Amino acid sequence: MAKHAKSLLSRWSSRVFLVEVDEKPLYFRLQERHRGERAPRVFGRLREEDRCYSVLVCSGDRIKAAKFYPELRDKLARDLPPGCDLTRMGSFLPRVRDSFIRGYFLKSSAESSAHIERLLRDLGRREPLLVCSYAAAGGGGQRWTQRLWSPSEDETVSDYFVVPSDEPESHPSALSMINNDVFYSFEEARDVFRKCGGIIPEAASVLEMLPGSPEVCRKPNFPVIVIEGLDATGKTTLTESLRDSLGAALLRSPPECLSPWRALFDQEPPLIRRAFYALGNYITAQQIAQEGMKTPVIVDRFWHSTAAYAIATATSGPVSNLPQRGSEVYSWPSDLLQPSFVLLLTLDAEERKRRLKDRGLEKTDEEQQLDRNQLFRLRVEEAYRRISGPPCVTVDASPSADKVLQQTLLLIRSNCHL
Ligand SMILES: Nc1ncnc2c1ncn2[C@@H]1O[C@H](COP(=O)(O)OP(=O)(O)O)[C@@H](O)[C@H]1O
Ligand SMILES: Nc1ccn([C@H]2C[C@H](O)[C@@H](COP(=O)(O)OP(=O)(O)O)O2)c(=O)n1
């Protein structure tokens, strides 16, 4: 049995399970089964012939697990028999960091179980999956028989009851966000890219672009102003006008030198994609330090975007699921240059959609998600506001471009003594 799977099993009955049903969390635990005891019904009505499976990815190599997780979803969605319901699933040890593992919850009828188990066994030869099958025991109770598939075909079988569990104080995704979704040091982000080399050759090209160390030699002499906001709030328009009005240098994150690889890494799972953007900030920080010796610097997106989108993506459901204000998840990396001032452009959803359409550029997948999923957009906007570090001032971006520019210049001049 895979070592990592064995260590997971050692605390199995202390784990809490989370199944997202219509983005609503359903929490449950597994309890040793005592003869004669009746189990409560956790998943609503289940017929005797129904079967469910939890399929958790438990590889000890987090790069492989990150790459395998979306592949597993695609394989299951493609190969599962019709009528099988697939939803995201997670498992964690309450308050234990990095204990969160991801997977999927399958629900089907008994006649599909042979097909499903064959499929899961084949998949389990590639990655240690923790597969548990779940049947409605007699009398409408619900029992969980756990079997583990691993390359060695070694199986353990144990019998549990499924019982409801209380919702934890904060969404369990926060347990694994640090240095998996959000990177708090140059070394942590670079380490991911060093380990990616074997599966993504382009990672080596990004590594070559990196500075030897993240430390910027000296604090810039001139103010550094970052403009943040969702797509189509007017960042590009405003930053270019600020450059002209202030005679400032204009920089972007991710920096131009990474543009050949951005589209590729945008397709990678969060662990790799967010490391890409984190490294982009460190390259931009070096450029800011150089330019900031000679002139004021305007930056189009920086750390706030990296952290806000990563946190909002790793969480699901309503804004209340975000890690609480003041959580270390919102802290600024100690090795990343801090700007003098951050302006967050805000715009109502309808006006933003109109501007997006007018701009004509096709929407990125994420933009489509921002459009389609109001909860995601609200989480991004709230996460922006919770980031600690330099002062972040909100600016209403709905007036004309010139009015927004005048309002922004007033704020910059009064806060940055320009
Ligand atoms: N204040 C504004 N009022 C109306 N339209 C604007 C304003 N600022 C920008 N736009 C237009 O909205 C679209 C998106 O602006 P852009 O600067 O590209 O946003 P972002 O860089 O945030 O994606 C562009 O077509 C731009 O011309
Ligand atoms: N410094 C940055 C800049 C962008 N990102 C991420 C955040 C989102 O996932 C996308 C937003 O990029 P998008 O292309 O939609 O927006 P822009 O056109 O770059 O303004 O990039 C980041 O993580 N860190």
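The name given to the protein in an unreviewed UniProt entry is UMP-CMP kinase 2, mitochondrial, and the organism recorded there is Oryzias melastigma. The heading Sequence similarities (unreviewed entry) in the UniProt record of the protein holds the text "Belongs to the thymidylate kinase family." Under the Subcellular location (unreviewed entry) heading, UniProt states for the protein: "Mitochondrion".

Draft legend 1. Highlighting the overall build of the protein. A count of helical and extended segments in the protein gives 14 helices and 13 strands. Taken over C-alpha atoms, the radius of gyration comes to 24 Å for the protein, in line with the 22 Å a tight globule of 418 residues would show. If you line up the protein on its principal axes, its C-alpha atoms span 75 × 45 × 35 Å. Across the 418 residues of the protein, 54% fall into the buried class. Of the side chains in the protein, 58 bear a positive and 56 a negative charge, and the two mean positions are spaced by 2 Å.

Draft legend 2. Molecular detail of the pattern of salt bridges. One pass over the structure, following the stated rule, counts 20 salt bridges. Across the pair Arg252 and Asp300 runs a salt bridge whose closest N-O atoms are separated by 3.9 Å. Here Arg252 is found in strand E10 (residues 249–252), whereas its partner Asp300 is found in strand E11 (residues 297–300), with 48 residues between them in sequence. Note on Arg252: relative accessible area 34%, which makes it partly exposed. On the basis of relative accessibility, which here comes to 7%, the residue Asp300 falls in the buried class. One salt-bridge network, in which partners are shared between bridges, spans Arg325, Glu382, Arg385 and Arg386.

Draft legend 3. Seen up close, the packing of aromatic side chains. Per the stated rule, a full pass over the model turns up 14 aromatic pairs. Their ring planes at 15 degrees and their centres at 5.2 Å tell us that Phe265 and Phe276 sit as a pair that is stacked. Of this pair, Phe265 sits in helix H8 (residues 259–266) while Phe276 is found in helix H9 (residues 270–291), placing the two residues eleven residues apart along the sequence. Like Phe276, Phe265 is buried. Geometrically, the ring pair formed by Phe276 and Tyr277 is edge-to-face, given 5.4 Å between the ring centres and 85 degrees between the ring planes.

Draft legend 4. Just the site of ligand 2, in detail. Taken together, 15 residues surround ligand 2, and among them Ser253, Arg262, Arg301, Thr306 and Glu366 come closest. At a separation of 2.9 Å, an oxygen atom of ligand 2 approaches a polar side-chain atom of Arg301. Thr306 is positioned such that a nitrogen or oxygen atom in its side chain is 2.6 Å from a nitrogen atom of ligand 2. Considered on its own, ligand 2 offers 520 Å² of accessible surface; in the complex 87% of this is hidden by protein. Mapped onto the shell around ligand 2, the elements with two or more residues apiece are H9 and helix H10 (303–314). Element by element, the count of residues in the shell around ligand 2 is highest for H9, at four residues. For the shell around ligand 2, a count of residues per class yields four nonpolar, four polar and seven charged.

Draft legend 5. View of the site of ligand 1. As a structural note, the neighbourhood of ligand 1 is formed by 14 residues, with Ala232, Lys235, Thr236, Thr237 and Arg359 the closest of them. Gly234 is positioned with one of its backbone polar atoms (N or O) 3.1 Å from an oxygen atom of ligand 1. Between ligand 1 and Thr237, the relevant distance is 2.7 Å, taken from an oxygen atom to a side-chain nitrogen or oxygen of the residue. The fraction of the free accessible surface of ligand 1 (560 Å²) that becomes covered by protein chains is 78%.

Draft legend 6. Structural view of the sheet that holds strand E9 (residues 224–229). Read from one edge to the other, the open sheet built from five strands follows the order E10-E11-E9-E12-E13, with strand pairing classed as parallel. One side of each edge strand has no neighbouring strand; the edge strands of this open sheet are E10 and strand E13 (392–396). Looking at each pair of strands side by side, their axes are set apart by 25 degrees on average, direction ignored. Pairing between strand E12 (residues 341–346) and E13: five bridges, direction parallel. Residue pairing for E13: Leu343 is matched across the bridge by Val393. Across the sheet, helix H7 (residues 235–246) is in contact with E9, E10, E11 and E12; its angle to E11 comes to roughly 170 degrees.

Thresholds, definitions, all that
Residues numbered from 1 in each chain as written. Chains lettered and ligands numbered in written order. Predicted model: local features only at pLDDT ≥ 70, side-chain atom pairs only at ≥ 80, totals over all residues. Heavy atoms only, no water. UniProt positions renumbered as here; feature names shortened; annotations may be inferred. Helix = DSSP H or I, 4+ residues; strand = E, 2+ residues; numbered from the N terminus. Rg over C-alpha atoms; globule rule 2.2 N^0.38 Å. Buried < 20%, exposed > 50% of the residue type's maximum accessible area, 1.4 Å probe, protein only. Lys, Arg positive; Asp, Glu negative; His and termini not counted. Charge placed at Lys NZ, Arg CZ, Asp CG, Glu CD. Salt bridge = Lys/Arg side-chain N within 4 Å of Asp/Glu carboxyl O. Phe/Tyr/Trp six-rings, centres within 6.5 Å; stacked < 30°, edge-to-face > 60°. Near = heavy atom within 4 Å. Polar contact = N/O pair within 3.5 Å; in protein donor to acceptor, adjacent residues only side chain to side chain. Areas by Shrake-Rupley, 256 points an atom, 1.4 Å probe, with all protein chains shown as cover. Nonpolar A, V, L, I, M, F, W, Y, C, P; charged D, E, K, R; others polar. Pairing = 2+ DSSP bridges. Axes fitted to C-alpha atoms, helices over the stretch in contact; angles between N-to-C directions. Contact = heavy atoms within 4.5 Å.

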